[in-house]
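Remarks on the overall topology
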Amino acid sequence: MMFGVVTVGVVIVVAAAAVADAQHYSSRWDNVQVEPILKNERLLKTYFRCVMDEGKCSPDAAELKKNIPDALENECAKCTEKQRENVEKVMKFIFNKKPDMFKQLEAKYDPKGVYRSKYQDRNKENERPANTEVKPEETKTN
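Quick summary incoming for the structure in this document. Source: prediction; values computed, not measured.

Between the first and last C-alpha of helix α5 (residues 81-97) there are 24 Å, a value that for 17 residues agrees with the 24 Å anticipated at 1.5 Å per step. By the burial criterion, the buried members of α5 are Gln83, Asn86, Val87, Val90, Met91 and Ile94. Angular distribution of buried residues about the axis of α5 spans 135°; they occupy a single face of the element. Opposite the buried face of α5, by more than 90 degrees, sit the exposed residues Glu81, Asn96 and Lys97.

This part covers the environment of Met101. By secondary structure assignment, the location of Met101 is in helix α6 (residues 99-109). Taking the relative accessible area as the measure of exposure, Met101 reaches 9% and is therefore buried. Dropping the residues within four chain positions of it, Met101 is found in contact with Leu44, Lys45, Phe48 and Ile94.

Quick notes on the rules
- Residues numbered from 1 in each chain as written.
- Predicted model: local features only at pLDDT ≥ 70, side-chain atom pairs only at ≥ 80, totals over all residues.
- Heavy atoms only, no water.
- Helix = DSSP H or I, 4+ residues; strand = E, 2+ residues; numbered from the N terminus.
- Expected span 1.5 Å × (residues − 1).
- Buried < 20%, exposed > 50% of the residue type's maximum accessible area, 1.4 Å probe, protein only.
- Arc of directions from axis to C-beta.
- Contact = heavy atoms within 4.5 Å.

Nothing here speaks to function; it is all geometry.
Right, here's the structure in full:
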């Protein structure tokens, strides 16, 4: 389920990620604070309408829309670490706070559920039960 969320996060965070070289999206937007965008309904809807082909696109949003298929197909392989962190923030927000938006994005960018299932399987490997405390490993002394 979480990586289904990440799928849509890629939609928002890759926003304006122009490809700087063949290996990575530009880090130019790494310092963008996504929280204010998520809290601004008007701005969030503007990006949403663009990626859904329902409204005008700013140059940044148009770049986002262009990169979504590649980012989804390649598990954000060209994303920087900061972009991946932002993807997770955005996905959690949209999944938890904007379920209608999430469903529409998923219908457009993952209609067959290919990415959802791929990401869900990978995410299950990294999950641990709720309320499980992570304890540091004990070191053995001779």
